[in-house]
Amino acid sequence: MKLLKGFALAFSMLTIIPFFKVHDFFKGINGYSAMFYPLIGFILGLILWQTSVVLSPYTPPVHLALIIFTLWVTLSGALHLDGLSDTIDGLFVPKERALEVMKDSHVGGMGMVFTFLFLALKISSIVYFKAYYLLPIILMLSRFNATLAIYFGNYIGGGMGLLAKQELNFFQLFIAFIFTLALSLYANSFGMFVVSLLTLIVSTKFFSSRLGGLSGDIYGFIIEMSELVLLNYLIFTQLP
């Protein structure tokens with residue numbers, strides 16, 4: 001029962017698809033929820049990939065890329081982008097005020113500017129990215145990074161992130177790891193797996209040094225940055 005509730009909670013948190021609407025963080029299901037993050041990413045990636053398969057015969061490549069980008073942001077409810085912009089705002093204030101600024105519902109000037117630049121780069125990356133069949137792997141790996149960050153990182157916020165940190169155990173992490181690694185190997189994407197982990201390590205070290213740990217907003221930042229890095233890794237490695 002906790003397993004199913006954990007999946008429903010993860011699905012409700014990371015998507016806007018109205019199959020499950022579980023927003024109660026019952027004790028005992030938050031670790032299972034974090035365990036399912038990679039699976040939720042994989043499912044979202046499948047939706048994006050199949051959308052590209054259906055539309056590609058009828059849609060110009062650039063327009064298709066913009067549709068995929070729009071669907072990508074919409075399906076996740078822009079949740080991780082919100083974390084990205086809040087995190088950027090927190091980097092431009094003194095350390096002792098960072099969490100306070102990140103919790104503010106208003107986006108600051110620096111968050112707005114750098115989020116715009118990030119989105120511009122991500123749109124361009126999707127336009128030049130051709131291997132849509134790897135989108136399930138990209139979204140899976142980026143959300144697996146969030147699961148790893150929850151387990152290994154020092155948590156400095158409150159709310160659901162703290163509950164996930166307290167309840168996610170090694171066995172749940174191991175299941176997420178086996179699932180993610182197996183699909184990465186099946187898709188011949190071990191290089192992506194390594195690049196994704198390196199992105200996580202660099203991000204975690206930076207925020208641990210700068211702010212003393214990680215928060216829910218920083219998890220969103222890590223997911224978004226992992227996606228962008230993986231897109232560009234594939235673009236550069238596929239260049240003739």
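Structural data are supplied above this passage.
The rules behind the values
- Residues numbered from 1 in each chain as written.
- Predicted model: local features only at pLDDT ≥ 70, side-chain atom pairs only at ≥ 80, totals over all residues.
- Heavy atoms only, no water.
- Helix = DSSP H or I, 4+ residues; strand = E, 2+ residues; numbered from the N terminus.
- Polar contact = N/O pair within 3.5 Å; in protein donor to acceptor, adjacent residues only side chain to side chain.
- Phe/Tyr/Trp six-rings, centres within 6.5 Å; stacked < 30°, edge-to-face > 60°.
- Buried < 20%, exposed > 50% of the residue type's maximum accessible area, 1.4 Å probe, protein only.
- Salt bridge = Lys/Arg side-chain N within 4 Å of Asp/Glu carboxyl O.

## Examining the side chain of Glu167
Residue position: Glu167 is located in helix H9 (residues 160-167). At 3.3 Å, the side chain of Glu167 and the backbone nitrogen of Ile29 are in polar contact.

## Considering the packing of aromatic side chains
By the definition in use, this model includes 13 aromatic pairs. Relative to Phe152, the ring of Tyr151 lies with its centre 4.9 Å away and its plane at 80 degrees, an arrangement referred to as edge-to-face. Among the residues examined, Tyr151 registers a relative accessible area of 26% and is labelled partly exposed. On the numbers, 5.1 Å between centres and 80 degrees between planes, the contact of Phe206 with Phe207 is edge-to-face.

## Digging into the pattern of salt bridges
Scanning the model with the defined rule gives 3 salt bridges in all. Between Lys122 and Glu227 there is a salt bridge; the shortest N-O distance is 2.6 Å. Here Lys122 is found in helix H7 (residues 109-128), whereas its partner Glu227 is found in helix H12 (residues 216-238), with 105 residues between them in sequence. Looking at Glu227, the relative accessible area reads 0%, which means it is buried. For Arg143, the salt bridge goes to Glu227, with nearest N and O atoms at 2.8 Å. Taken together, the residues span a long stretch of sequence, with Arg143 in helix H8 (residues 135-152) and Glu227 in helix H12 at a distance of 84 residues. Just as Arg143 is buried, Glu227 falls in that class too. Connected through shared salt-bridge partners, Lys122, Arg143, Glu224 and Glu227 make up one network.

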